[in-house]
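The chain contents come next:
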Amino acid sequence: MYQKAAWQVSLIGIGLIAAVYVLVYLSSGNPEEFGTVKKRMYAIRPYWFLALVTLGTWMSIDTLADLPYAATHGKAEQPADITVGVTGHQWYWDMDRTEIPAGKLVAFRVTSADVNHGFAIYNADHQVVAQTQAMPGYTNVVRHTFRRPGTYTVRCLEYCGLAHHNMTKKITVTPAETAAAPHSHAPSAT
Amino acid sequence: MSNPYQPDSAIGRPERQVVLAYMATAGAVLVLMMLLGLIMRLSQGELLGVPPQWFYRILTLHGTGMVGIAGLAGAGIMWYFLRQYVELSLGVAWANLGLFLTGVVLIILGIAVGGYAGAWTFLYPLPAHPMGMWSTWGAASFLFGLLLVGVGFLLLHLDTARAIIGRYGSLGKGLGWPQLFGHNDGNAPPPAVVASTMVLIVNILGLVSGAAIVVMSLVNLYFPAFEVDALLAKNMIYFFGHVFINATIYMAIIAVYHLLPRYTGRPWPSSNKAFLGAWTASTLMVIIVYPHHILMDFAMPEWMNVMGQIISYTSGLPVLVVTAYGAITNVHRSEIRWDLASALLVLSTFGWAAGIIPAMVDATIVVNQVMHNTTWVPGHFHFYLLLGMIAMALGFMSWLVKTYAGNTDTATDRVAFWVYALGGLGFVGMFLMGGRDGEPRRYAQHLAEWVPYDQAASAFAVLVIAATAVFMWRFFAGLRRAATAPVPA
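All values derive from a computational prediction rather than experimental measurement. (Residues numbered from 1 in each chain as written. Chains lettered and ligands numbered in written order. Predicted model: local features only at pLDDT ≥ 70, side-chain atom pairs only at ≥ 80, totals over all residues. Heavy atoms only, no water.)

To continue, consider the overall build of chain B. From N to C terminus, chain B includes 15 helices and zero strands. Relative to the 2.2 N^0.38 estimate, which gives 23 Å for 489 residues, the radius of gyration of chain B is 22 Å and therefore close to what a compact globule would have. Projecting the C-alpha coordinates of chain B onto the three principal axes gives extents of approximately 60 × 50 × 40 Å. Scored against the burial criterion, the 489 residues of chain B give a buried share of 70%. Relative to all contacts within chain B whose residues are 6 or more apart in sequence, the contacts with residues 24 or more apart total 84%. Distance from the positive charge centre (22 side chains) to the negative charge centre (19 side chains) of chain B: 12 Å. (Helix = DSSP H or I, 4+ residues; strand = E, 2+ residues; numbered from the N terminus. Rg over C-alpha atoms; globule rule 2.2 N^0.38 Å. Buried < 20%, exposed > 50% of the residue type's maximum accessible area, 1.4 Å probe, protein only. Contact = heavy atoms within 4.5 Å. Lys, Arg positive; Asp, Glu negative; His and termini not counted. Charge placed at Lys NZ, Arg CZ, Asp CG, Glu CD.)

Encoded structure:
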């Protein structure tokens, strides 16, 4: 889950910087000639600079391989199983369909009839699973495969006026087998 | 040990007075805007009943006010130090403040009376789609007020450009390019000049872009047939917004460069290639990194969003490797004279450096897709603004009244510092934790699962406001004496 990773990476980064500052604060009253301090500090700087560059390069390679933009530009390699048209209005969502089987690749074609909105799909744990902006004059295509059946909530994540916080819509994700074989009793969650 | 409270002889009393006017205005508005922030967190925490139409007006005023005073405080710091090296116009500095205050009146009128609640980002075409929530004239008053504020800052930066070119010959020389790209003769301009040159380059571009889209939005308000491409408008707004708020930090950091050495007795020279290279790189990166605000606009050219992620990573490097590391190198084993000012200045470099970590994480496209516009975003920008930029301004203000009004620290100041630092960390921590758990930003009401974060944030906000009130009380107590103190021979 990216949320958890984001939290942990941030906590480690902030914690490391805080630790360095605390150490510097605690030793600030214990004087040493500036030339010596500078020499020592500057000697280690290239190493952690390179470590940061390496970390950033690795993170870039790792995360830029799977971007969500291709479908919007008509360059998606795999066709979607289901396409859902979505239009944001002040302050409601107009959607072609709100019942979707799990396990299918769904392409939400998102636009707006008035102002900018943010089309964000929340799972039952109140976590965003996918989002894109709903913009007048443009259609953004966000693709998602629902793994777990249940009720999902679309929330607006771009401020759009008075009832912005109430601009929600429910999506029901049915078990994968229901769509393929409605009378199957096999386990539904994947 | 050098005396950190030696008044500057290179800046006259009228010049000092305009700086004090900038800082006093920023400080007074800061406390008011913090109170508005507290009201929002209390309301989200279900501890105070605020109707949504007022919540969003308060949100709009809080955002606009904070961005405005960050600009004003940053400009005050920049002006104080830059004026010691180049001939800035006193008239232009006062004109900027006059335009700022006139703009503020129009903005308040537009929000409080006209009902405007389209957020400080006035995301086109929202100002023209109030759905009965605000009047057309209210939106126009807000936008025109914003335009006046922008014009004031544009004048100020044109004046700094004129003065820097007049003294150093070109903007390239102001950035120390002869020393960066050629033989380093050790004569690069001081940090105040290098930073001010960077800021004027990026902010003139940003302000022109901002003014253009404000005017287009104004025309659209009264002539709806005049339409702007929504994606182009978004690019212009976020380019302006990103550059302007970043420039506030790049102006305020000048106080750290110029004051910290006075407390440690150690120089912080600008004439080295790492320092100059970092500032030149930042000039370019601040301009091209703005797509990280619109990563969820899938219609954007893909290369721009990829650039937004990569440049977000690289733009953290100068902050961490040069400025924050430079600060701790300057302080380490220095027997620094700790007082409220030096403590806030050191804290500010921590706040800036640490705050960019969650920001860089958020600029990762795959992370942004599940965290964009959650409270993770105000979590990171409050981190480097509250504990970074504002701490720089508060530190500078504390130093001003110590130096020119003879203020001395008391036990209250020491307590207030720690309350501010720890309360601030707790406050931003609640935003970040809420964002981790999906809490949307800019929501008048939250689900019960998110309310505990809002309530805890309210408690931390009270601490931050109490500490800031102490700082302001001390500043305003010394203001008159600081304004009238003689210039040293």
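Text resumes after the structure shown.
The next point concerns a nonpolar patch on the surface. Residues and elements named next belong to chain B. Residues Leu109, Val113, Trp137, Val215, Val219, Tyr222, Phe223 and Phe226 make up a contiguous nonpolar surface patch of about 750 Å² in total accessible area. Taken together, the elements giving at least two residues each to the nonpolar patch come down to α3 (90-113) and α7 (191-222). With three residues, the single largest contributor to the nonpolar patch is α7. You can call leucine 109 partly exposed: its relative accessible area is 38%. (Patch = residues over 30% accessible without salt bridge, like charges linked within 9 Å, V, L, I, M, F, W, Y side chains within 5 Å. Areas by Shrake-Rupley, 256 points an atom, 1.4 Å probe, with all protein chains shown as cover. Salt bridge = Lys/Arg side-chain N within 4 Å of Asp/Glu carboxyl O.)

Glancing now at the packing of aromatic side chains. Residues and elements named next belong to chain B. Summed over the entire model, instances satisfying the criterion amount to 38 aromatic pairs over all chains. Ring centres of phenylalanine 55 and tyrosine 56 lie 5.3 Å apart, and the angle between their planes is 90 degrees; on these two criteria the pair is classed as edge-to-face. Note on accessibility: phenylalanine 55 and tyrosine 56 belong to one class, buried. Measuring from centroid to centroid gives 6.4 Å for phenylalanine 275 and tryptophan 279, while their planes differ by 40 degrees, and the two rings are tilted. Of this pair, phenylalanine 275 and tryptophan 279 both sit in helix α9 (residues 273-288), separated by four residues, roughly a single helical turn. An aromatic cluster is defined as three or more aromatic residues linked by ring pairs; in this entry it consists of Tyr250, Tyr257, Trp268, Phe275, Trp279 and Trp352. For the cation-ring pair, arginine 474 lies above tryptophan 473, with the distance from its terminal atom to the ring centre recorded as 6.0 Å. (Phe/Tyr/Trp six-rings, centres within 6.5 Å; stacked < 30°, edge-to-face > 60°. Lys NZ or Arg CZ within 6 Å of the ring centre and 35° of its normal.)

Further remarks concern the sheet that holds strand β8 (residues 150-156) of chain A. All names here are of chain A. Spatially, the five strands line up as an open sheet ordered β3-β9-β8-β5-β6, and their pairing is mixed. Only two strands of the sheet have a single neighbouring strand rather than two, namely β3 (99-101) and β6 (128-134). Pairwise comparison of adjacent strand axes, ignoring direction, gives a mean angle of 25 degrees for this sheet. Here strand β5 (residues 117-122) runs beside β8; their pairing, made up of four bridges, is antiparallel. (Pairing = 2+ DSSP bridges. Axes fitted to C-alpha atoms, helices over the stretch in contact; angles between N-to-C directions.)

On to the layout of surface pockets. One number sums up the size of the largest pocket: a volume of about 880 Å³. Around the largest pocket, the lining is made up of 30 residues, and of these Trp48, Leu52 and Leu55 of chain A together with Leu320 and Ile357 of chain B lie nearest the centre. When contributions to the lining of the largest pocket are tallied by element, the ones reaching two or more residues are α1 (2-27) and α2 (34-63) of chain A together with α10 (302-331) and α11 (340-362) of chain B. Its residues assigned to classes, the lining of the largest pocket comprises 24 nonpolar, six polar and no charged. (1 Å grid on protein atoms, 1.4 Å probe; cavity = no way out; pocket = protein on both sides within 12 Å on 5 of 7 lines; lining within 4 Å. Points joined across faces, edges and corners; volume = space filled by probe spheres on them. Nonpolar A, V, L, I, M, F, W, Y, C, P; charged D, E, K, R; others polar.)

Residue and element names in this part refer to chain B. For the pair helix α2 (residues 52-82) and α7, the least separation of the axes is 9 Å and the interaxial angle reads 135 degrees. Relative to α7, the element α2 lies oblique. Read as a crossing pair, α2 and α7 show a hand that is left-handed. In contact with Met78, Phe81 and Leu82 of α2, α7 contributes Ala192, Val193 and Ser196. (Parallel < 35°, antiparallel > 145°, perpendicular 65-115°, else oblique. Left-handed = near helix turned anticlockwise from the far one by under 90°.)

Residues and elements named next belong to chain B. Per the counting criterion, the structure on display carries six cavities of 30 Å³ or more. What lines the second largest cavity is a set of 13 residues, among which Leu340, Ser398, Val401, Phe471 and Arg474 lie closest to the centre. Looking at the lining of the second largest cavity, the elements that each hand over two or more residues are α13 (376-405) and α15 (451-484). Sort the elements by how many residues they give to the lining of the second largest cavity and α13 lands first, with five residues.

One finds Phe108 and Phe119 of chain A together with Met23, Phe122, Phe396, Trp399 and Tyr420 of chain B to be the most contacted residues of the largest nonpolar core, which totals 244 residues. When residues in this core are grouped by element, the largest group, 23 residues, is from helix α8 (residues 230-264) of chain B. Phenylalanine 108 of chain A has contacts with Val84, Val86, Met95, Ile100, Phe119, Ile121, Asn140, Val141, Val142, Phe146 and Ile171 of chain A, leaving out every residue within four places of it along the chain. (Core = buried A, V, L, I, M, F, W, Y, C linked by side-chain atoms within 4.5 Å.)

Scored by pLDDT, chain A has a mean of 92; 93% of the residues are at 70 or more. Confidence drops under pLDDT 50 across residues 179-190 of chain A; counting only partners more than four residues distant or on other chains, this segment forms 11 contacts. (pLDDT = per-residue confidence, 0-100.)

Contact residues are listed per partner, giving 84 residues for chain B and 74 residues for chain A. Between chain B and chain A, the buried area comes to about 7300 Å², and carbon and sulfur atoms account for 68% of it. The three residues of chain B that bury the most area against chain A are Phe298, Tyr325 and Arg333 of chain B, which together make up 11% of that side's buried surface. Taken together, chain B and chain A are joined by one salt bridge. Arginine 333 of chain B is the salt-bridge partner of glutamate 32 of chain A, the closest N and O atoms lying 3.2 Å from each other. Where chain B meets chain A, there are 34 residue pairs in polar contact (both at pLDDT 80 or more). Ranked by the residues each element gives to the side of chain B that touches chain A, the list is headed by α10 of chain B, at 16 residues. Taken together, the residues that form the side of chain B that touches chain A break down as 55 nonpolar, 17 polar and 12 charged. (Buried area = accessible area lost by both parts, 1.4 Å probe. Polar contact = N/O pair within 3.5 Å; in protein donor to acceptor, adjacent residues only side chain to side chain.)

Residues and elements named next belong to chain B. For helix α1 (residues 13-44), spanning 32 residues, the distance from its first C-alpha to its last is 46 Å, which sits close to the expected 46 Å at 1.5 Å a residue. With respect to burial, α1 is a largely interior element, 23 of its 32 residues being buried. Immediately downstream of α1, the backbone of glutamate 46 shows phi near 60 degrees, a positive value. (Expected span 1.5 Å × (residues − 1).)

Below, the discussion takes up the pairing of β5 of chain A. Looking down a regular strand, the side chains alternate between one sheet face and the other. Residue and element names in this part refer to chain A. Buried residues dominate β5, accounting for six of its six residues. Alternating residues of β5 divide into His117, Phe119 and Ile121 and Gly118, Ala120 and Tyr122, and every residue in both groups is buried. Relative to β6, β5 runs antiparallel, the two sharing six bridges. Within β6, the residue paired with tyrosine 122 across the bridge is valine 128.

The subject of this paragraph is the sheet that holds strand β1 (residues 82-89) of chain A. Residue and element names in this part refer to chain A. Judged by pairing direction, the sheet is mixed, and its four strands sit side by side in the order β2-β1-β4-β7 without closing on themselves. At either margin of the open sheet sits one strand with a lone partner, and together these are β2 (92-95) and β7 (140-145). When strand polarity is set aside, the average angle formed by the axes of neighbouring strands in this sheet is 25 degrees. Across four bridges, β1 lies against β2 in antiparallel orientation. Across the sheet, histidine 89 pairs through a bridge with tyrosine 92, a residue of β2.

Residues and elements named next belong to chain B. Taken as a whole, this structure holds 12 salt bridges over all chains when the rule is applied. In this structure, aspartate 437 and arginine 436 form a salt bridge, with 3.1 Å as the shortest nitrogen-oxygen distance. By relative accessible area, aspartate 437 is classed as partly exposed at 22%.

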